[in-house]
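The residues making up each chain are set out below.
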Amino acid sequence: MMDARNAERQVARLARVRDEELNGLNSGTAARTLLASIVADQVHPCDPQPRRGLAGWQPRRLVLAAAAVIAMTVAGVVGLSLLQDGMGNATSYANSAIEVTRERDFFVARIKDPLADRDKYVEAFRAVGKDVRIELVPVSPRLVGQRLQASGGSGQMSSELVSSGPNPADCELKPASCTMVIRISAETTGTVRYTLGRAAQPGEAYWDPDIDAGMPPAPHEISGGSGR
Amino acid sequence: MDEERTACFEALYAATFKHILGYALRRCDCPQDAADVVAETFAITWRRMDAVPLGDQARFWLYGVARNVLANHRRGMARRQRLSVALAAEVADLYEPSAEDSAQLSTISQIFRDLPEVDRELLSLVAWEGLDRGEIATVLGCSRNAVRIRLHRARKRFGQELARAGESPGRPAMAGRSQ
């Protein structure tokens, strides 16, 4: 007869993975996005006492919330129906490209990397429950930080450049020394797309709305403003 | 309040993610299921943070949640598909079959799979999660003495089935997959 220790040895051999082999996975993109999606799920303080078992749990909504964000890290695009049902209202989210925080009635996005993959921006807004697509295009210095195009959805939006460092900088003269800040109304609904100007790289051609795909802006939108 | 709750959850998530992922990976037949179990377990935990015990006990409590989630999956709640794709992709390579001892492991694996579910879970919690009787009692929500008795029976049944199949009991331990 096999003794107890040998029984467990045999079972241990069947383990396809040990916990030690999973070190660091909790800081991977999928795990972090899952975490963000879970804490974005609002918990109502007036809920009754903690329920026993799973009887009172809402599996569909939670699964959708978690899955929508996880799937997003692969595909970058998730159906709006998932968002409306599954996304909550996290108050902040940050990745290497953007930081989004809730400030009163607005979500305030600070662009940390204007050259980042636009999916990074999408990821952050999804984590706070908004389907906002930001595209940054190279423009002349006077248009940096300005909204050039907008489409879809509803809600208010404004943008500005603020000094990145502790010392004030003239952002119109030195846009590279400044951070683009985008404010989007918390009431924004649907899928909204904004095209904003960023500083062009050396040798990089300026964005031309007549050439690039998308809705041509009205002349006053480019010349006048952005809601700044 | 909300920030404190979120910070507590994030700390718990960081401390237990690999354990819960490991628990799920070792019990699910595909990475998608494992990813779903992880996602659902933490989603439930987030909603029930007030019920999560402190310290090391939290991990055992989470195992209990994961066990319930897994049971629901196994009851055929077909409500996932294409979900948790990224996490599943990250752990997919862990599902590659072991190169060594595959034939013998296959036999042992089959015997193990044929054990009653309660036997499998008890043996797994000892051999895979490394839990003692008191910790298993927390996971299963029963007394330590009940764990002792059930574990004794599980070991006995498993040993008998292995002996019947002619598997040597004394082979060296090889926890985990081959490297």
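From a predicted model like this one, the values you see are computed outputs, not experimental measurements. (Residues numbered from 1 in each chain as written. Chains lettered and ligands numbered in written order. Predicted model: local features only at pLDDT ≥ 70, side-chain atom pairs only at ≥ 80, totals over all residues.)

1. Thoughts on the overall build of chain A
A count of helical and extended segments in chain A gives six helices and eight strands. Counting helices and strands in the order they occur from the N terminus, chain A gives α-α-α-α-β-β-β-α-β-β-β-β-β-α. Taken across its 228 residues, chain A has 39% of its residues classed as buried. Here the contacts in chain A between residues at least 6 apart in sequence split such that 68% fall between residues at least 24 apart. (Helix = DSSP H or I, 4+ residues; strand = E, 2+ residues; numbered from the N terminus. Buried ≥ 20, exposed ≤ 12 C-beta atoms within 10 Å, placed from the backbone. Contact = placed C-beta atoms within 7 Å.)

2. Here's the deal with the overall build of chain B
Tallying secondary structure elements over chain B gives eight helices and zero strands in all. From first element to last, N terminus to C terminus, chain B shows the α and β order α-α-α-α-α-α-α-α. Buried positions account for 40% of the 179 residues belonging to chain B. Expressed as a percentage of contacts within chain B between residues at least 6 apart in sequence, the contacts between residues at least 24 apart total 69%.

3. Points about the pairing of strand β2 (residues 98–103) of chain A
Residue and element names in this part refer to chain A. The sheet contact formed by strand β1 (residues 92–94) and β2 spans three bridges and is antiparallel. Pairing of Ala94 across the sheet is with Glu99, part of β2. In this structure, the hairpin formed by β1 and β2 is closed by a connection of three residues. Alignment of β2 against strand β3 (residues 106–111), held across six bridges, turns out to be antiparallel. Residue pairing in the sheet places Val100 in a bridge with Ala109 of β3. (Pairing = 2+ DSSP bridges.)

4. Quick word on the sheet that holds strand β6 (residues 157–163) of chain A
All names here are of chain A. The strand order across the open sheet formed by five strands is β1-β2-β3-β7-β6, and the pairing between neighbours is antiparallel. Edge positions in the open sheet fall to β1 and β6, since each of these has one partner strand only. Direction aside, the axes of adjacent strands within the sheet are offset by 20 degrees on average. Note that β3 and strand β7 (residues 178–185) share five bridges and pair antiparallel. Of the residues in β7, the one forming a bridge with Arg110 is Val181. Packing of helix α5 (residues 118–127) onto the sheet brings it into contact with β1 and β2, and relative to β2 it is tilted by some 25 degrees. (Axes fitted to C-alpha atoms, helices over the stretch in contact; angles between N-to-C directions.)

5. Points about the sheet that holds strand β5 (residues 147–151) of chain A
All names here are of chain A. Across the sheet, which stays open at both edges, the three strands sit in the order β4-β8-β5 with mixed pairing between neighbours. Of all the strands in the sheet, just β4 (131–139) and β5 have a single pairing partner and so form its edges. Strand-to-strand twist across the sheet, computed as the mean angle between neighbouring axes with direction ignored, equals 20 degrees. Bridging between β4 and strand β8 (residues 191–199) involves nine bridges; their strand directions are parallel. Residue pairing in the sheet places Val139 in a bridge with Ala199 of β8.

6. Topic: helix α6 (residues 117–127) of chain B
Burial runs high along α6 of chain B: eight of the eleven residues are buried. Of the positions making up α6 of chain B, those classed as buried are Asp119, Glu121, Leu122, Leu123, Ser124, Leu125, Val126 and Ala127 of chain B.

7. Observations concerning the confidence of the model for chain A
All names here are of chain A. Per-residue confidence for chain A gives a mean pLDDT of 70; residues scoring 70 or more make up 67%. Every residue in residues 44–86 scores below 50 in pLDDT, and together they form 81 contacts with partners more than four places removed in sequence or on other chains. Per-residue pLDDT stays below 50 along residues 214–228; that stretch engages in 27 contacts with residues further than four places along the chain or on separate chains. (pLDDT = per-residue confidence, 0-100.)

8. Quick look at the pairing of β3 of chain A
Side chains Phe107, Ala109 and Ile111 of chain A project from β3 of chain A onto a buried face, and the interleaved Phe106, Val108 and Arg110 of chain A project onto a face without burial. The hairpin formed by β2 of chain A and β3 of chain A contains two residues between the paired strands, and Arg104 of chain A there has a positive phi angle of roughly 55 degrees.

9. Side note on the confidence of the model for chain B
Residue and element names in this part refer to chain B. With 75% of its residues at a pLDDT of 70 or more, chain B shows a mean pLDDT of 80. Contacts for the low-pLDDT stretch residues 169–179, under 50 throughout, to residues beyond four places or in other chains number 23 contacts. Overall fold confidence (pTM) sits at 0.46, and the ipTM for the predicted complex is 0.71.

10. Topic: the packing of helix α2 (residues 31–47) of chain B against helix α3 (residues 57–74) of chain B
Residue and element names in this part refer to chain B. In contact at an axis separation of 9 Å, α2 and α3 are set at 130 degrees when each is read in the N-to-C sense. On the basis of the axis angle, α2 is oblique to α3. Between α2 and α3 lies a crossing of right-handed hand. On α3, the residues touching Asp33, Asp36, Val37, Glu40, Thr41, Ile44 and Thr45 of α2 are Leu62, Val65, Ala66, Val69, Leu70 and His73. Looking at the contact of α2 with α3, its residues break down into seven nonpolar, three polar and three charged. (Parallel < 35°, antiparallel > 145°, perpendicular 65-115°, else oblique. Left-handed = near helix turned anticlockwise from the far one by under 90°. Nonpolar A, V, L, I, M, F, W, Y, C, P; charged D, E, K, R; others polar.)

11. Focus on the environment of Leu12 of chain B
All names here are of chain B. Take Leu12: it is sitting in helix α1 (residues 2–27). What makes Leu12 partly exposed here is the crowd of 19 C-beta atoms within 10 Å. Leu12 sits 50 residues away from Leu62 along the chain, and the two C-alpha atoms are 9.9 Å apart. Not counting chain neighbours up to four residues away, the residues in contact with Leu12 comprise Val52 and Ala58.

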